[in-house]
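# Structural overview for review
The lines below spell out each chain.
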2 protein chains.
Amino acid sequence: MSDRTGRRERPPLTNPASERVRSVRGLSRRSARRRTGRVLVEGPQGVREAVGFTPERVVDLYATAEAAERYAEFVEPARERGIFVHEVTDEVLDAMCDADTPQGTVAVVDWSPSSLEGVLAGDPRLLVLLTHVRDPGNLGTVIRGADAAGADAVLVSDASVDVTSPKVVRSTAGSLFHLPVVTGLAIEPTLATLGEGGVRRLAADGGGAGTIDDTDLAGPHVWVMGNEAWGLEEATLAACDEAVRVPIHGHAESLNLAMATTICLYASARQQRA
Amino acid sequence: MSDRTGRRERPPLTNPASERVRSVRGLSRRSARRRTGRVLVEGPQGVREAVGFTPERVVDLYATAEAAERYAEFVEPARERGIFVHEVTDEVLDAMCDADTPQGTVAVVDWSPSSLEGVLAGDPRLLVLLTHVRDPGNLGTVIRGADAAGADAVLVSDASVDVTSPKVVRSTAGSLFHLPVVTGLAIEPTLATLGEGGVRRLAADGGGAGTIDDTDLAGPHVWVMGNEAWGLEEATLAACDEAVRVPIHGHAESLNLAMATTICLYASARQQRA
């Protein structure tokens, strides 16, 4: 049997207990991701962006027959690029996934994190450094917000949640493949390197004298963000050039981390692109 | 036995199957909230803000002995205001709650939604109307963001998720008690009333010609927000004065609803408070 492009179709994968299925499912564990250097991307939005932006890193694409048809817009280009597209049953797909609703398709993608040196070589104007983000959903949402605001890269410290965890990958809504993400950074050496690279270090902190509205954000800078609950460490604050706050006009105590980060980045984008 | 202020201490509530406990727990159901006009507020942040901002509406406050001591900053003022503070066991507190981690205290609060007429009588400058918000966490986060941005009120259509559900209340982080929230609004009559009241109706829509940065936001206006997945209905768009978009500078398809709403409101606050 051959498909429209003349290639031989393989039979669908039907055994949820097979070695292959278990190895895909294993990518939900950090140890397996470290050993293989691969991540699991679940759902059509993430798979589409991985195929569209970093096809050379997509190792395998799995889809049910129904999903392969519904998402032909990226399944066909993936096939044409030579990516292995495997048809799977619903049961196999569920067995591969961490998500409750994988929506018919997942991909296994080589994870090649960017380096700080590589990012600095590109003369970045807008960066964000997450020092102690602990919630996977927040980290993913920050990456999505940084992408939308046109940031040049997202820097993540070694004291933060693992960027490659399925929950983070899902909540980036595909943005993980749109901009460089540097992980495992030691906070203070990173701030020193950024300073030497001419990047102004702005601590996003409620105690800042200036606000995002009255601070000059035209030059290259990095927003340095703290933990969801307790903010920035004293040593980190001290290592920054300036503390800047998002003004709170009403009675709310604060904004959540993803919200505050995105508002800071959009304030920067507005000034830099004016 | 009497406490430091000389009042008689009642014994702690210890029976998780009691009528009182079941009636508090019942407030997780919409039907019970409608019948009683009361809502369940879980956790110290929400309880503190309810006591601080709308003490006249707090019917009962429940706290474990440990929480009553830890949160004396609002438990004592609540007692002094004459609010019934009931000591409960951990088991009773868990039985009352919808949340997995109620953190030792909950309150039952009279829910008196504001009216659109009342909001308009205050000459509002900055409003948000949610037309089809479906996710409780998003609705709560929008209310928190609107509070932070200093919006005058949040308007919620009858096609949206119920504002009084425990998940919404929790995710407002206390902001539900900081600003008027009007619920159950029919979308088009509301837009007509707002227009007659001199409030410019701005549809937040990716297809808008203008952006939040190049649109004049100094006068009174309302941000009209659509559904998380499919945005605004055509008829709603047509009933607005103008469509305005949040610029997407990178490759992200969109921002999530709470993020987009908060960015719009902060853009307004910046211009109105300049």
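Just so we're clear, the structure is a prediction, and the values are computed from it rather than from any experiment.

So, on to the interface of chain B and chain A. Opposite the 32 residues of chain B that make contact, chain A presents 32 residues. Between chain B and chain A, roughly 2600 Å² of surface is buried when both sides are summed, and carbon and sulfur atoms account for 62% of that area. One can count two salt bridges joining chain B with chain A. Counting across the chain B and chain A interface gives 19 residue pairs in polar contact (both at pLDDT 80 or more). In terms of residue count, the dominant contributor to the side of chain B that touches chain A is helix α12 (residues 257–272) of chain B (seven residues). Considering only residue class, the side of chain B that touches chain A consists of 13 nonpolar, twelve polar and seven charged.

Our focus in this paragraph is the nonpolar core. Core analysis: the largest hydrophobic core is formed by 118 residues, its most contacted members being A:W223 and B:W223. When neighbours within four sequence positions are excluded, A:W223 is seen to be in contact with A:L126, A:L127, A:V128, A:L129, A:L202, A:A204, A:I212, A:L217, A:V244, A:C264, A:L265 and A:S268.

Turning next to unusual backbone geometry. Its identity is not glycine, yet A:D123 carries a phi of approximately 50 degrees, on the positive side. Relative to the helices and strands, A:D123 is located in the loop between α7 (116–121) and β5 (126–130). For A:D123, a relative accessible area of 63% gives the class exposed. Its identity is not glycine, yet B:A173 carries a phi of approximately 50 degrees, on the positive side. A relative accessible area of 16% means that B:A173 is categorised as buried.

All names here are of chain B. In spatial order, the strands read β7-β6-β5-β10-β8-β11-β9; together these seven strands make up an open sheet with parallel pairing. Among the strands making up the open sheet, the edge pair consists of β7 (181–185) and β9 (210–211). Bridge count for strand β5 (residues 126–130) against strand β10 (residues 221–225) is five bridges, and the pairing is parallel. Across the sheet, L129 pairs through a bridge with V224, a residue of β10. Strands in contact with α12 are β5, β8 (200–204) and β10; relative to β10, the strand with the most contacts, it is inclined by about 165 degrees.

This paragraph deals with empty space enclosed by the protein. Tallied over the full model, the rule gives one cavity of 30 Å³ or more. Empty space within the largest cavity amounts to approximately 160 Å³. If you go around the largest cavity, the residues you meet are A:I212, A:D213, A:I263, A:Y266, A:A267, A:R270, B:I212, B:D213, B:I263, B:Y266, B:A267 and B:R270. Broken down by secondary-structure element, the contributors of at least two residues to the lining of the largest cavity are α12 (257–272) of chain A together with α12 of chain B.

This part is about the pattern of salt bridges. Applying the stated criterion across every chain yields a total of 26 salt bridges over all chains. A salt bridge links A:R20 to A:D60; the shortest N-O distance between them is 3.8 Å. Of this pair, A:R20 sits in helix α1 (residues 19–25) while A:D60 is found in strand β2 (residues 58–63), placing the two residues 40 residues apart along the sequence. Taking relative accessible area as the criterion, A:R20 reaches 35% and is therefore assigned partly exposed. With a shortest N-O distance of 2.7 Å, B:E76 and B:R79 are connected by a salt bridge. Separated by three residues within a single helix, B:E76 and B:R79 lie in helix α5 (residues 72–80), roughly one turn from each other. One salt-bridge network, in which partners are shared between bridges, spans A:R30, A:R33 and A:D162.

Residue and element names in this part refer to chain B. Of all five residues that make up β10, five are buried, and the element is covered over most of its length. By the alternation rule, side chains of β10 split into H221, W223 and M225 and V222 and V224, which are all buried. Inspection of the sheet shows β8 paired to β10 by four bridges, in the parallel sense. The residue of β10 that forms the bridge with R200 is H221.

Let us now look at α12(A). Look at α12(A): 22 Å from first C-alpha to last across 16 residues, which is about the 22 Å you get at 1.5 Å a residue. In terms of burial, α12(A) is largely enclosed, as 14 of its 16 residues are buried.

On to the relation of the copies chain B and chain A, then. Once chain B has been moved 0.0 Å along the axis and rotated by 180 degrees, it coincides with chain A to within an RMSD of 0.0 Å. The two molecules are tied by a two-fold rotation axis, judged by turn and shift. Comparing interface residues between copies, 100% of those in chain B also sit at the interface in chain A, which points to an isologous, same-surface contact.

Residues and elements named next belong to chain A. Pairing between strand β8 (residues 200–204) and strand β11 (residues 242–245): three bridges, direction parallel. If you follow A204 over to β11, its bridge partner there is V244. Pairing of strand β9 (residues 210–211) with β11 involves two bridges; the strand directions are parallel. Within the sheet, the bridge partner assigned to G210 lies in β11 and is V244.

Residues and elements named next belong to chain A. Domains assigned within chain A are domain 1 (19–110) and domain 2 (116–272). When each unit is reduced to the centre of its C-alpha atoms, the spacing between domain 1 and domain 2 is 29 Å. On the domain 2 side, the residues contacting the 17 residues of domain 1 number ten residues. Both sides of the domain 1 and domain 2 interface together cover about 1100 Å² of buried area, and 62% of this is carbon and sulfur. Counting the contacts that link domain 1 with domain 2 gives four salt bridges. Put simply, domain 1 and domain 2 have five residue pairs in polar contact (both at pLDDT 80 or more) between them. Contributing elements (two or more residues each) for the side of domain 1 that touches domain 2: α2 (30–36), β1 (38–42) and α3 (44–53).

So, how was this worked out
- Residues numbered from 1 in each chain as written.
- Chains lettered and ligands numbered in written order.
- Predicted model: local features only at pLDDT ≥ 70, side-chain atom pairs only at ≥ 80, totals over all residues.
- Heavy atoms only, no water.
- Contact = heavy atoms within 4.5 Å.
- Buried area = accessible area lost by both parts, 1.4 Å probe.
- Salt bridge = Lys/Arg side-chain N within 4 Å of Asp/Glu carboxyl O.
- Polar contact = N/O pair within 3.5 Å; in protein donor to acceptor, adjacent residues only side chain to side chain.
- Helix = DSSP H or I, 4+ residues; strand = E, 2+ residues; numbered from the N terminus.
- Nonpolar A, V, L, I, M, F, W, Y, C, P; charged D, E, K, R; others polar.
- Core = buried A, V, L, I, M, F, W, Y, C linked by side-chain atoms within 4.5 Å.
- Buried < 20%, exposed > 50% of the residue type's maximum accessible area, 1.4 Å probe, protein only.
- Pairing = 2+ DSSP bridges.
- Axes fitted to C-alpha atoms, helices over the stretch in contact; angles between N-to-C directions.
- 1 Å grid on protein atoms, 1.4 Å probe; cavity = no way out; pocket = protein on both sides within 12 Å on 5 of 7 lines; lining within 4 Å.
- Points joined across faces, edges and corners; volume = space filled by probe spheres on them.
- Expected span 1.5 Å × (residues − 1).
- Least-squares fit on C-alpha atoms with pLDDT ≥ 70 in both.
- Domains from an automatic or database assignment.

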